Amino acid sequence: MKSLKRLLQFVRHNSSNEFIQKFPTSKEPQVPFASPFPFLKPKKRTDESFEHKKARLIYSSRKRGILETDLLLSSFFHKRLDSFGMKELEQYDELLNENDWDIFYWAIGARTVPERIEKMVFWKDLVEHCKNKEKQIVKMPVL
């Protein structure tokens, strides 16, 4: 049971792309853990039109995997959609290639944001959106 808890902690809190991690326990020697999921590099979409990229990113913002990140990203992207140019869409696409929990923790300020993410044109706006200073009830936008 302890090993399972440690595995869940690793999955939630580790953002590295290493395949082998060790989980020390008091009863057992250190055992290597091999990830069953290989790291797949994102597909480069060089000939994608502006409208197609925008439609894909709307869907990708909503269907992330964890509800918290889905809500933050989809509501932010829905608000800012019309102001995004191709440069912003490409940067947003890069952001969506990151781990869901990492995006969530970075956006709420629970973890240090990597420099490559902080340099994104829209990052500060996303962080402000996550603060919800107006205390509005945020709902998933319609796809």
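For the protein, an unreviewed UniProt entry supplies the name Succinate dehydrogenase assembly factor 2, mitochondrial and the organism Boothiomyces macroporosus. What UniProt records for the protein under Sequence similarities (unreviewed entry) is the sentence "Belongs to the SDHAF2 family."

Taking 1.5 Å as the rise per residue, helix α2 (residues 50-62) with 13 residues should run 18 Å; its terminal C-alpha atoms sit 19 Å apart, in good agreement. Residues Lys53, Lys54, Arg56, Leu57 and Ser61 constitute the buried set of α2. When α2 is viewed along its axis, its buried side chains cluster within an angular range of 165° and face the same direction.

Right, let's talk about the environment of Leu96 for a bit. Relative to the assigned elements, Leu96 resides in helix α4 (residues 86-96). Since its relative accessible area comes to 8%, Leu96 is described here as buried. Sequence separation of Leu96 and Arg64 is 32 residues, and the distance between their C-alpha atoms is 8.4 Å. With near-sequence residues (within four places) excluded, Leu96 lies in contact with Leu57, Ser60, Ser61, Arg64 and Leu73.

All right, on to the nonpolar core then. Of all hydrophobic cores here, the largest spans 24 residues; its most connected members are Tyr92, Leu95 and Trp123. Counting only elements with at least two residues in this core, the list comes to α3 (67-80), α4, α5 (100-108) and α7 (123-131). Among the elements that line this core, the one with the most residues is α5, at five residues.

We now examine the packing of aromatic side chains. To describe a pair of aromatic rings, one takes the distance between the centres and the angle between the planes. All told, the structure shown has ten aromatic pairs when counted by the stated rule. Consider the rings of Phe76 and Phe84, whose centres lie 6.3 Å apart with planes at 65°: the pair is edge-to-face. Summarising the aromatic geometry, the rings of Phe84 and Phe122 are spaced 5.6 Å apart at their centres and angled 35° between planes, so their arrangement reads as tilted. A residue pair is termed long-range when its members are at least 10 positions apart, and Phe84 in the loop between α3 and α4 and Phe122 in the loop between α6 (115-118) and α7 qualify at 38 residues. Of the two residues, Phe84 and Phe122, neither departs from the other in class, the shared state being buried. Put simply, the rings of Phe76, Phe77, Phe84, Tyr92 and Phe122 pair up and form one aromatic cluster.

Rules used in this analysis
- Residues numbered from 1 in each chain as written.
- Predicted model: local features only at pLDDT ≥ 70, side-chain atom pairs only at ≥ 80, totals over all residues.
- Heavy atoms only, no water.
- UniProt positions renumbered as here; feature names shortened; annotations may be inferred.
- Helix = DSSP H or I, 4+ residues; strand = E, 2+ residues; numbered from the N terminus.
- Expected span 1.5 Å × (residues − 1).
- Buried < 20%, exposed > 50% of the residue type's maximum accessible area, 1.4 Å probe, protein only.
- Arc of directions from axis to C-beta.
- Contact = heavy atoms within 4.5 Å.
- Core = buried A, V, L, I, M, F, W, Y, C linked by side-chain atoms within 4.5 Å.
- Phe/Tyr/Trp six-rings, centres within 6.5 Å; stacked < 30°, edge-to-face > 60°.

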